[in-house]
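Examining the three-dimensional arrangement
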Protein chains: 2
Amino acid sequence: MSSSQDLVKCSFNTDDMGQLLYKENYHKWIKVQELIAKDPILQNNVADYGQSRDKLYEIYCKKAYKLHKLLNYSDEMIPGMVNSQFPETVVTVLHQTMFIPTIKYLGTEKQIEKWIPPSQNYEIVGCYAQTELGHGSDVQSLETTAVYDKGTEEFILNSPTISSTKWWIGDLGLTATHAVTHAQLFINGKHYGVQTFIVQVRDTHTHLPLKGIEVGDVGPKYGYNTKDNGYLRMNNVRIPREQMLMRYSKVSKAGEFIKAQNEKIGYATMMQVRTSIIYNTYVSLAQGLAIGVKYSHFRRQFKDKNGIERPIIDYQTQQDKLIPLVADCYAQGFGCLRIRDILTENLKRITEKNDFSLMGDLHALLCCCKAVYTWNTHFGLDKIRQSLGGHGFLQSSGVVSIQTEFAPSCTYEGENTVLLLQTGRYLLKACNKAQKHQTINENVEYLYNIQQTLSQKATFTRAEQLLCPEIIRKLMRLHAAFYVNKMMLKMMEKAGEHGPKEAWNKHVGVSITEASIAHTYYWTFKTFLDTLIKVQDENIRSVLSNLCCLYGLQRIIDWPIGYFEGGFLNGEQLEIILNAKEHIFTLIKPDLLGLVESFKFNDNALRSDLVDAKPYEKLLQSAKLSSVNNEEYQNKLRSLTRQLREMPKL
Amino acid sequence: MSSSQDLVKCSFNTDDMGQLLYKENYHKWIKVQELIAKDPILQNNVADYGQSRDKLYEIYCKKAYKLHKLLNYSDEMIPGMVNSQFPETVVTVLHQTMFIPTIKYLGTEKQIEKWIPPSQNYEIVGCYAQTELGHGSDVQSLETTAVYDKGTEEFILNSPTISSTKWWIGDLGLTATHAVTHAQLFINGKHYGVQTFIVQVRDTHTHLPLKGIEVGDVGPKYGYNTKDNGYLRMNNVRIPREQMLMRYSKVSKAGEFIKAQNEKIGYATMMQVRTSIIYNTYVSLAQGLAIGVKYSHFRRQFKDKNGIERPIIDYQTQQDKLIPLVADCYAQGFGCLRIRDILTENLKRITEKNDFSLMGDLHALLCCCKAVYTWNTHFGLDKIRQSLGGHGFLQSSGVVSIQTEFAPSCTYEGENTVLLLQTGRYLLKACNKAQKHQTINENVEYLYNIQQTLSQKATFTRAEQLLCPEIIRKLMRLHAAFYVNKMMLKMMEKAGEHGPKEAWNKHVGVSITEASIAHTYYWTFKTFLDTLIKVQDENIRSVLSNLCCLYGLQRIIDWPIGYFEGGFLNGEQLEIILNAKEHIFTLIKPDLLGLVESFKFNDNALRSDLVDAKPYEKLLQSAKLSSVNNEEYQNKLRSLTRQLREMPKL
Ligand SMILES: Cc1cc2nc3c(=O)[nH]c(=O)nc-3n(C[C@H](O)[C@H](O)[C@H](O)COP(=O)(O)OP(=O)(O)OC[C@H]3O[C@@H](n4cnc5c(N)ncnc54)[C@H](O)[C@@H]3O)c2cc1C
Ligand SMILES: Cc1cc2nc3c(=O)[nH]c(=O)nc-3n(C[C@H](O)[C@H](O)[C@H](O)COP(=O)(O)OP(=O)(O)OC[C@H]3O[C@@H](n4cnc5c(N)ncnc54)[C@H](O)[C@@H]3O)c2cc1C
């Protein structure tokens, strides 16, 4: 366990808190970390940082099959747990999280039987090839074509334009033998929309690209150095009819197209993946915080009045950087646990009762939580890195790789703005329904009697009152109602002037995203509160209650504008909120180390020199392992720098 | 010039705007770019992305001496102009921007004569070794020692602890032969504080470390791949007495310490460097915006009601990401021009009249502008990258390297929070002086009669009124006064309870940073306004006026809390502000391409496939040049992936 464990003198038991955060997976979480930490191939090695892409790829290939041998990858939790353990992405992660699940969800029984066992054995390795150079967010406009040839009972796949080149596809550049590919289906010249196909891209023995396939790596990126995001161009590539995934939509031998009964189900894979991204917003932020909080207790800078150097965590500004993020991290963790429950319930209803009723609500929730939480973790990690001062820029701080690996989460699996617009559409519909007194999901119950709601005002007059989450919950509920209402009014006004589509895109976009964000804050706060009131342990409930209040107050402080526009708060109340926040800091500070200890990362998982018992010794030691410090390189260099110095004299 | 120039149909002449942004350096800026673009060693090459550190270092060494041959580096503007031209930092940049200037500012005439010519000829290459593992922000607590040995007339330098290891020193890891080093001076056992020494670290012929010197690279980092940030440990390293920089403080042969008459002057180097960092907040943001704005006019996603795909710039949300940053960029550009003028004036007063009166004001201004502008550019670049969707993550987008190279600006040359606290201290003093009716600098004139000021309220009632910058200026002035006053009240209250030092660090820190930020916003707005009213050209003045208003309004929208606490604005006025912002978007949008064209980057400087006439073709072409796509690597890989697939069957 972590080396600063001895520092923990906190008001609650961190194992019990850990159980609350990981629930039934608590022991698995600890065990997976132990397994990885003691395996010589899997354990993290500071010398791997800064390796060239090819060397890194090799190292992470080895890790991939070691993991595959050690762990049960059909256990849904495993890929997510494994990802956080390494500074770079493990090769074949897309195979595990996208290729296999897509076939499981969209394939027929027969297709599953055919493709899943060899996939699980790594006889084939797949990827998920949806995005093209020209279109990512707008899937309906993909340009790749799949034309059915009745004569041979094959589909012929083509990349008709440069912009139709598949692009960004993880595991495709170097690794994959197969791709789940999205293409516009044509039968007898008639267009049937985007369908999903399994296309073999490389020979499973020679690993050479097959005929008609042009495939490669998209080139260097921001982070993701081990990951072979690839491109794919197809020129008359023929695949058997059985390689269209046909659980829902089908094409018969004769070329008859049978439409899916319920198209929504095609979205099931995405739901799973989005949930794991949301979970990762918790894990990555937790990892960053574990490093940031521990180091801030160790690092000392400037002397106090007694000439003793202060640990930087004592500075109010440093607390302001880290403590609110701890609250966010717990909020996101509990939010995700709740989403997982809803996801399970949804799948159960679908498979057991063909009941799709939860689908829309869950979709809306996933979209906004994915957007809001990924952004928060993304910016939070940057704040943490900066809070480490210069050392935060070193790979050996551990935070750099967490940050660069996390960053694309804001973009892939639905670009965040585009996702917020989707939740916005749902909220608009719900608002209309509520006005007509139709049933809407409990998550948006605040939309009933909205005008009455909006006439309320905050009544608190003292900071202590804000230690009660219920008061904050009511405020945040008003705030969500205010922004959904504002969006609706603006949409009505602008649709009148410009028509609904133009209004939506050109005039109301910002309001729509605001409504989604306000809704997400409220839902997250509510979920946090629901979680904590069920906690038996009084010590834990008490610290969680403070974190929950802080989560809410920080949202108000960072984005108070609606509270004023709506007339819910006045200037004095805002000052009270600021004071309450300061007060909560003093309550949480003694428990800070305990709160990050509860995330239960072992030292290997944190892979940070800054949490070592002797950070400075460790940093120096790691530096000496850096490849540019070895003798061979230094010799080469000497001639280079001599040249540099002697040049001008020529 | 840029390939999207043909798109420019804007209301003003972009060359004239460029002249306003670069003033007397306009032609130099164009010329330097041309020179670099056409030189085969200097011009950017997409194949360089993703190279290993050693290969990159080699490439950038070659660039360094080519630049040195082509350009006049003693021209102050050159290093800054050159830096923006390459995706990675050019080797020896610290030699140019820190080593040489430190000697020039802190050295005696004799020292300058001895060290500058060989430095300018690259016979020696230097670095600036201040920071240690244990102390960065707190320079007074550095642990390196320099003990004067009267017998030999030498200083003996030592790194007595691990935490005293010099760390992060740019150009030290591989390149430097010499270091300007900060150490605690001791003479006859008596301590004389931190002084500055020139220490030779490597032999100028063999390039091997000298006796007693342990030196190396600190290891892989976030970005900065070409840069050999290094560490240094010294064990009884002896240097002649003449290698202490003695323009101000001196040590005589006999070991007598003569204290500097005015210690502030030692800070002059830093002032120069901070100014160039501030200038770079403009250049880097401008570069990012040129890419983001152009690509957003090209990229199309989703069809409009006529089935035509919309350029993404048409989405309100996309405008909201980019347009305010354009305003910020102009504001920061003009802010920096003003700072440069003050810097010049300050140096003139010092050298001509030994008049240090401007020093304190300039210092305070540099600290807060450095902090606020670097953060804004840092977050702005991230927003721009995300606004490019997936393609933003590619190195070939150009934005990734701008972002990673820029990031440490928030930390080095004064960690941002620490700098804001310094300006806060200045503001507090100024506030006290103003209360006593003593003279204070015009930048803080708002502190006179502060109570009267704070009783004011905004009176506007219509969005059109907010097209007048003067109304916004008054509001922002109130806001600055409010936060300085708030800090002062809080400081008085908390100092009473805890004593001034504890209060400052533990209880008022956040308020202090807020006061500094509010002050920076107001100063920047005022400077923007001062600039634009002097513009003769009506078209330019009109677009600048809109940008200036937008700069101010966006500050209010993003951070409205003080306007409410202070009672300066009510909820309805806030709504008017939001409407005014939307209105300004419609005014600026047609000029957007012109506004980024005015930054006058050529294609080589932008080094972005996304601004090519055919971006998708170009991206694909660049990908093919990626090192992992070459045949040799692919062959090696094939055996690796085969292994990966065949493993589990064993
Ligand atoms: C590291 C990484 C890994 C990836 N892996 C895979 C993979 O394995 N398989 C795969 O298929 N794809 C993958 N992708 C692609 C990813 O899914 C897309 O990049 C993502 O969906 C965003 O789409 P885009 O790039 O087209 O962005 P764009 O849609 O072009 O976004 C650009 C800008 O336009 C805005 N915009 C677009 N539409 C609208 C709208 N309607 N309203 C308002 N604003 C709009 C966006 O908000 C954004 O600011 C990956 C991407 C990355 C970065
Ligand atoms: C890429 C890079 C290049 C560099 N190049 C050089 C170089 O060439 N030469 C050189 O000498 N140095 C160099 N540095 C070092 C740099 O100058 C320091 O990292 C910087 O000054 C910050 O100091 P620190 O690392 O000690 O941060 P710390 O002071 O340890 O900061 C850590 C945290 O503590 C907080 N903190 C510290 N003091 C206070 C306070 N009084 N009140 C409130 N909060 C506080 C900070 O706000 C921050 O959140 C470089 C650094 C980097 C990242």
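Residues numbered from 1 in each chain as written. Chains lettered and ligands numbered in written order. Predicted model: local features only at pLDDT ≥ 70, side-chain atom pairs only at ≥ 80, totals over all residues. Heavy atoms only, no water.

Turning next to the overall build of chain A. Helix and strand counts for chain A stand at 22 helices and 13 strands. Its C-alpha atoms give chain A a radius of gyration of 27 Å, near enough to 26 Å, the size a compact globule of 650 residues would have. Along the first, second and third principal axes, the C-alpha set of chain A runs to 85 × 80 × 55 Å. The burial tally for chain A puts 65% of its 650 residues in the buried class. The contacts of chain A with a sequence gap of at least 6 include a subset with a gap of at least 24, amounting to 74%. If you sum the accessible surface of chain A, you get close to 23,300 Å²; carbon and sulfur atoms cover 51% of it. (Helix = DSSP H or I, 4+ residues; strand = E, 2+ residues; numbered from the N terminus. Rg over C-alpha atoms; globule rule 2.2 N^0.38 Å. Buried < 20%, exposed > 50% of the residue type's maximum accessible area, 1.4 Å probe, protein only. Contact = heavy atoms within 4.5 Å. Areas by Shrake-Rupley, 256 points an atom, 1.4 Å probe, with all protein chains shown as cover.)

Before going further, it helps to examine the site of ligand 2. The full set close to ligand 2 counts 32 residues, and Arg299 and Gln318 of chain A together with Thr131, Ser137 and Glu415 of chain B are the nearest of them. Residues within reach of ligand 2 are spread across chains A and B. Note that an oxygen atom of ligand 2 is positioned 2.9 Å from one of the side-chain N or O atoms of Lys321 of chain A. A distance of 2.7 Å is found between an oxygen atom of ligand 2 and a side-chain nitrogen or oxygen belonging to Glu415 of chain B. Protein chains bury 94% of the 970 Å² of accessible surface belonging to ligand 2 in isolation. Elements with a contribution of two residues or more to the shell around ligand 2: strand 12 (300–303) and helix 8 (316–353) of chain A together with strand 4 (166–169) and helix 11 (416–435) of chain B. Of the residues belonging to the shell around ligand 2, the class tally is 14 nonpolar, 14 polar and four charged. (Near = heavy atom within 4 Å. Polar contact = N/O pair within 3.5 Å; in protein donor to acceptor, adjacent residues only side chain to side chain. Nonpolar A, V, L, I, M, F, W, Y, C, P; charged D, E, K, R; others polar.)

Attention shifts here to the site of ligand 1. In the region of ligand 1, 32 residues are neighbours, and Thr131, Ser137 and Glu415 of chain A together with Arg299 and Gln318 of chain B sit closest. Looking at the residues close to ligand 1, they fall on chains A and B. In the model, an oxygen atom of ligand 1 is placed 3.0 Å from a nitrogen or oxygen of the Gly136 of chain A main chain. Within the backbone of Ser387 of chain B, an N or O atom sits 3.4 Å from an oxygen atom of ligand 1. Surface burial for ligand 1 is 94%, taken as the share of its 980 Å² of free accessible area covered by protein chains. Mapped onto the shell around ligand 1, the elements with two or more residues apiece are strand 4 (166–169) and helix 11 (416–435) of chain A together with strand 12 (300–303) and helix 8 (316–353) of chain B. Of the residues contributing to the shell around ligand 1, the split by class is 14 nonpolar, 14 polar and four charged.

This part covers the relation of the copies chain B and chain A. Superposing chain B onto chain A requires a rotation of 180 degrees together with a translation of 0.0 Å along the rotation axis, leaving an RMSD of 0.0 Å. Expressed as a symmetry operation, the mapping of one chain copy onto the other fits a two-fold axis. By C-alpha distance to the rotation axis, the residue of chain B lying nearest is Ser52 of chain B, at 2.6 Å. The overlap is high: 100% of the interface residues of chain B also sit at the interface in chain A, so the same surface is used on both sides. (Least-squares fit on C-alpha atoms with pLDDT ≥ 70 in both.)

Residues and elements named next belong to chain A. The three strands lie next to each other as 4-8-7, forming an open sheet whose pairing is antiparallel. A strand with exactly one partner marks an edge of an open sheet, and here the two such strands are strand 4 and strand 7 (213–217). Between one strand and the next, the sheet's axes are offset by a mean angle of 20 degrees, whatever the strand orientation. With three bridges joining them, strand 4 and strand 8 (residues 230–234) adopt antiparallel strand pairing. (Pairing = 2+ DSSP bridges. Axes fitted to C-alpha atoms, helices over the stretch in contact; angles between N-to-C directions.)

With that out of the way, let us pick up empty space enclosed by the protein. Scanning all chains against the criterion turns up 10 cavities of 30 Å³ or more. Considering only enclosed or pocket space, the largest cavity measures out at about 90 Å³ in volume. Lining the largest cavity are 13 residues, with Val46, Ser396 and Ser622 of chain A together with Gly219 and Pro220 of chain B positioned closest to its centre. (1 Å grid on protein atoms, 1.4 Å probe; cavity = no way out; pocket = protein on both sides within 12 Å on 5 of 7 lines; lining within 4 Å. Points joined across faces, edges and corners; volume = space filled by probe spheres on them.)

Taken residue by residue, the interface counts 131 residues in chain B and 131 residues in chain A. For the chain B and chain A pair, buried surface summed over both sides reaches about 11,600 Å², with 61% attributable to carbon and sulfur atoms. Here chain B and chain A share 12 salt bridges between them. Residue Arg310 of chain A is joined to Glu502 of chain B by a salt bridge in which the shortest nitrogen-to-oxygen separation is 3.1 Å. Per-element tally for the side of chain B that touches chain A: the top contributor is helix 22 (residues 631–646) of chain B, with 11 residues. Considered class by class, the residues forming the side of chain B that touches chain A number 48 nonpolar, 44 polar and 39 charged. (Buried area = accessible area lost by both parts, 1.4 Å probe. Salt bridge = Lys/Arg side-chain N within 4 Å of Asp/Glu carboxyl O.)

With that settled, consider the environment of Leu610 of chain A. Residues and elements named next belong to chain A. Counting through the fold element by element, Leu610 comes out in the loop between helix 20 (603–606) and helix 21 (615–625). Note: C-alpha distance between Leu610 and His391 (219 residues apart in sequence) is 8.3 Å. The residues contacting Leu610, other than those within four sequence positions of it, are Ile291, Tyr295, Leu388, His391, Ser396, Ser397, Pro615 and Leu619.

Reading predicted coordinates in detail is not appropriate for stretches of low pLDDT. Residues and elements named next belong to chain A. Averaged over all residues, the pLDDT of chain A is 94; the fraction at 70 or higher stands at 97%. Ignoring residues within four places in sequence, the model shows residues 1–5, a span with pLDDT below 50, making 13 contacts including any to other chains. Two summary scores accompany this predicted model of the complex, namely pTM at 0.97 and ipTM at 0.97. (pLDDT = per-residue confidence, 0-100.)

Phi at Asn188 of chain A is positive, roughly 50 degrees, even though this residue is not glycine. With respect to the helices and strands, the residue Asn188 of chain A is situated in the loop between strand 5 (178–187) and strand 6 (190–200). At His207 of chain B, a residue that is not glycine, the phi angle is positive and equals roughly 65 degrees. Tracing the chain through its elements places His207 of chain B in the loop between strand 6 (190–200) and strand 7 (213–217). Take His207 of chain B: its relative accessible area is 2%, and that puts it in the buried class.

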